[in-house]
Amino acid sequence: MRIGEVSARTGLSLRTIRYYEEVGLVTPSARSQGGFRLYTEPDVARLNLVRRMKPLGFQLDEMRELIGLLFPGGDADNDGSVTLDAQELSRLREFTERAERRCAELRATLDVAEDFAAMLRASLARHTERARQP
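Residues numbered from 1 in each chain as written. Predicted model: local features only at pLDDT ≥ 70, side-chain atom pairs only at ≥ 80, totals over all residues. Heavy atoms only, no water.

What to know about the environment of Val82
Thinking step 1. On the secondary structure map, Val82 appears in the loop between helix H4 (60-70) and helix H5 (86-132).
Thinking step 2. Overall, the relative accessible area of 42% leaves Val82 in the partly exposed class.
Thinking step 3. Each C-alpha atom, one on Val82 and one on Leu69, is 9.8 Å from the other, the two residues being 13 residues apart in sequence. (Helix = DSSP H or I, 4+ residues; strand = E, 2+ residues; numbered from the N terminus. Buried < 20%, exposed > 50% of the residue type's maximum accessible area, 1.4 Å probe, protein only.)

Remarks on the confidence of the model for the protein
Thinking step 1. Per-residue pLDDT for the protein averages 91, and the proportion of residues at 70 or more is 93%.
Thinking step 2. The secondary-structure element of the protein with the lowest mean pLDDT is strand E1 (residues 30-31), recorded at 90, while H5 shows the highest, at 96. (pLDDT = per-residue confidence, 0-100.)

Let's talk about the environment of Gln33
Thinking step 1. Mapped onto the elements of the fold, Gln33 is located in the loop between E1 and strand E2 (37-38).
Thinking step 2. For Gln33 and Arg126, which are 93 residues apart along the polypeptide, the C-alpha to C-alpha distance reads 65 Å.

Now the structure itself:
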């Protein structure tokens, strides 16, 4: 598929997809005779993985490393048949723990934001009710 379809499927901008190619995160599987980037389902899976890592604060080099751990040999359709060695398993565990910590932090931030929004709704309701009274 071409980059426009990949953009629509992943929610990433064309510019972001091109940037990820430039920095070596996800490269298109091929190019057409006209030079258009051509992507496969595994390429889309890797882009979706990168999209999910970004809000958790992973840096580009960490994303690259994690893609390598999750998709050895670049195979995003890996069925898990590749066994990680002890060092790779340890590193994957570190990434997992970090992602879980960051999710907890984001949940806490969301709780604060939701409390604030609830306070604003209550204030708006009170002021709206007062404005209706003669």
